[in-house]
Amino acid sequence: MTVDRILPTDEAHDLLDLATELADRELAPKAAGFEERAEFPREVLRTLGRAGLLGLPYPEEYGGAAQPYEVYLQVLEILASRWLAVAEAVSVHTLSCYPLAQFGTDEQRKLLPDMIGGELLGAYCLSEPQGGSDAAALTTKAVREGDSYVVTGTKAWITHARVADFYNIFCRTGGPGPKGISCLLADRGTPGIHPQAAERTMGLHASPVAQIAFDGARVPAERLIGGAGGGFGIAMSALDSGRLGIAACAVGLAQAALDYAVGYARERQQFGRPIIDFQGLGFTLADLATQISAARALTLAAARLRDAGRPYSIEAAKAKLFATDVAMRVTIDAVQVLGGAGYVADHPVERYMREAKVLQIVEGTNQIQRLVISRSLAKG
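Cut-offs and rules
Residues numbered from 1 in each chain as written. Predicted model: local features only at pLDDT ≥ 70, side-chain atom pairs only at ≥ 80, totals over all residues. Heavy atoms only, no water. Core = buried A, V, L, I, M, F, W, Y, C linked by side-chain atoms within 4.5 Å. Buried < 20%, exposed > 50% of the residue type's maximum accessible area, 1.4 Å probe, protein only. Helix = DSSP H or I, 4+ residues; strand = E, 2+ residues; numbered from the N terminus. Domains from an automatic or database assignment. Contact = heavy atoms within 4.5 Å. Salt bridge = Lys/Arg side-chain N within 4 Å of Asp/Glu carboxyl O.

1. Some remarks on the nonpolar core
Then comes step 1: Among the nonpolar cores identified, the biggest contains 79 residues, and Leu 73, Val 90 and Leu 285 are the most heavily contacted of them.
Then comes step 2: No other element matches helix 7 (residues 231–267), which puts 16 residues into this core.
Then comes step 3: Here this core spans two domains, since at least three of its residues come from each of domain 1 (10–117) and domain 3 (238–378).
Then comes step 4: Ignoring any residue separated from it by four or fewer positions in sequence, one finds Leu 285 in contact with Leu 258, Ala 261, Val 262, Ala 265, Ile 276 and Val 337.

2. A few points about the pattern of salt bridges
Then comes step 1: Per the stated rule, a full pass over the model turns up 21 salt bridges.
Then comes step 2: A salt bridge links Glu 39 to Arg 37, with the nearest nitrogen and oxygen atoms 2.8 Å apart.
Then comes step 3: Using a relative accessible area of 33% as the deciding quantity, one classes Glu 39 as partly exposed.
Then comes step 4: Arg 37 sits in the partly exposed class, given a relative accessible area of 49%.
Then comes step 5: For Asp 325, the salt bridge identified is with Arg 370, shortest N-O distance 2.9 Å. In this pair, Asp 325 sits in helix 9 (residues 313–338) while Arg 370 sits in helix 11 (residues 366–379), placing the two residues 45 residues apart along the sequence.
Then comes step 6: With a relative accessible area of 40%, Arg 370 lands in the partly exposed category.
Then comes step 7: Here the salt bridges share partners, and the residues they tie into one network are Glu 21, Arg 25, Glu 26 and Lys 30.

Structure representation (structure tokens):
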């Protein structure tokens, strides 16, 4: 289905055309095979990086495209509609570049061009096995020794854990609570960084997720981002942007599921007519289409606030909550539209349904989004 988009510039239109062309050529034909083999598509990410699609929201002076977040999210939606694992990888990588781009010194930012260009792939190490949603209680420690920090602890649910070239490590350099947390940027080859075996996930099999053990890993003190004690603020700021990325991924996945279900319902004949002509099914598809449009509008409205430099964290939470719940609902119903055919791997909707679930969990569970929103209401 073609989505009618209103974009701010001709350049933005060209970027979306480029994203569509690459998604159709490089993503859609490869998705099923890579997912079946649980193989990470590293070269696809390099291709997107060399095309300029990994640095869309970042400044041109560092190799970015200086595009509004509104444009970046629509590119992400297009990628997700062809292959969610790649879109999620782009979202995570963009999130991994954020601490350095936003809070790094001029000297530190010299690392950005290779990151933004896709030659270096990033991972964002915040969650811990026992911490879950309580990021302020993280226990991974970094002790200053001379001109280095020595990092000890374990991070969990780290996307790109086994394939990343650099890691943002959120660790405790001070006392308890958020003020004791800092952010370190470590290279992949740092001794003492040990990615563990990949988790056996429900979906996104081509996206490696694993724990990372830090066993006395020495990170140069010059790789401290945002100063000692600034890590929690960096993490929360980054997550606001990351939630919009996940919302856009959810919209793209939901659109793909709807498009497939509609195509099937047009072709599938029962009682001498296409099943889409039956109101029970046709009305279901109409509701799904409406919910997807609402999720897209909510996501882009939050992005426009971000682009305007206005507070947007609550709107990002709403967008992430609504869009990912919609994706779950749409993919479940898409399987139902196909009936028995929807339950087998010959059709992609069963994969879409498995993939949608993780979007309700990552970048803060949807229960956390409801907590964020309800607290803002309580404060007036």
